[in-house]
Amino acid sequence: MQEIERAYTQHAQEVYRYLLSLSHNEDVAEELTQETFFRAMRTMKNYDGTCKLSVWLCQVAKHIWYQWLAKHSRQKQVELTEEIPGGDSPEIATMQRMDKLALYQAIHVLPEPMREVVHMRLTGEFSFREIGEILGKNENWARTTFYRAKQKIMEQMEG
């Protein structure tokens, strides 16, 4: 029990940010974060230590997110009029100035994993290193994927 409490203390914010990058909804991200740690507590015996605990928790969160999507498939997932959460990074500042509807449409048609990298970077505020770890890749892969996704978005926004 202490192990899961320690994991929650150390990784809850990271899991929350990851889920926020997927859901774009603070309430949903909070609810799914709680569900993630509840399930992690029940299945901690399945964690074999081959990856970082934070990566394993984000994988659990990702499965919970997919289940939530399936359950709510008939409901609107993202309110396009909401502000994109984020800090003062140049990428976010530039993206916020664009027409939000067109931006979300451009992001929506990106192939996976580009779409996931963009969501994690812009709304989850994950570093490229963290994105690489979560997706089982390296930091350079995450940077390159994000750059290529930005290029595709810019092409689509111009066209």
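The sections below set out a description of the structure shown in this document. Since this is a predicted model, take the numbers as computed values, not measurements.

1. Brief notes about the packing of helix H1 (residues 2-23) against helix H3 (residues 53-71)
Phase 1: It is at 9 Å that the axes of H1 and H3 come closest, and there the two elements cross at 40°. With respect to H3, the element H1 is oriented oblique. The two elements H1 and H3 cross, and the hand of that crossing is right-handed. Taken together, the residues of H3 that come into contact with H1 (itself represented by Ala7, His11, Glu14, Val15, Tyr18, Leu19, Leu22 and Ser23) are Leu53, Ser54, Leu57, Cys58, Ala61, Lys62 and Trp65.
Phase 2: When grouped by side-chain class, the residues that make up the contact of H1 with H3 number 10 nonpolar, 3 polar and 2 charged.

2. Concerning the environment of Lys152
Phase 1: Positionally, Lys152 belongs in helix H8 (residues 139-158).
Phase 2: Looking at Lys152, the relative accessible area reads 39%, which means it is partly exposed.
Phase 3: Between the alpha carbons of Lys152 and Met114 there is a distance of 9.8 Å; along the sequence they are 38 residues apart.

3. Comments concerning the packing of aromatic side chains
Phase 1: All chains considered together, the criterion is met by 4 aromatic pairs.
Phase 2: Geometrically, the ring pair formed by Trp65 and Trp68 is stacked, given 5.5 Å between the ring centres and 10° between the ring planes. Pair noted here: Trp65 and Trp68 are both in helix H3, with a separation of 3 residues, about one helical turn.
Phase 3: Over the ring of Phe126 we find Arg17; its NZ or CZ atom is 4.7 Å from the centre of that ring.

4. Focus on the side chain of Arg121
Phase 1: The topology assignment puts Arg121 in helix H6 (residues 114-122).
Phase 2: By relative accessible area, Arg121 is classed as buried at 19%.
Phase 3: At 3.1 Å, the side chain of Arg121 forms a polar contact with the backbone oxygen of Phe126.

5. What to know about the state of the cysteines
Phase 1: If you walk through the whole model with that rule in mind, you get 0 disulfides.
Phase 2: No disulfide involves Cys51; its nearest neighbouring cysteine sulfur is the one of Cys58, lying 9.9 Å away.

Reading the values: rules and limits
Residues numbered from 1 in each chain as written. Predicted model: local features only at pLDDT ≥ 70, side-chain atom pairs only at ≥ 80, totals over all residues. Heavy atoms only, no water. Axes fitted to C-alpha atoms, helices over the stretch in contact; angles between N-to-C directions. Helix = DSSP H or I, 4+ residues; strand = E, 2+ residues; numbered from the N terminus. Parallel < 35°, antiparallel > 145°, perpendicular 65-115°, else oblique. Left-handed = near helix turned anticlockwise from the far one by under 90°. Contact = heavy atoms within 4.5 Å. Nonpolar A, V, L, I, M, F, W, Y, C, P; charged D, E, K, R; others polar. Buried < 20%, exposed > 50% of the residue type's maximum accessible area, 1.4 Å probe, protein only. Phe/Tyr/Trp six-rings, centres within 6.5 Å; stacked < 30°, edge-to-face > 60°. Lys NZ or Arg CZ within 6 Å of the ring centre and 35° of its normal. Polar contact = N/O pair within 3.5 Å; in protein donor to acceptor, adjacent residues only side chain to side chain. Disulfide = S-S within 2.5 Å.

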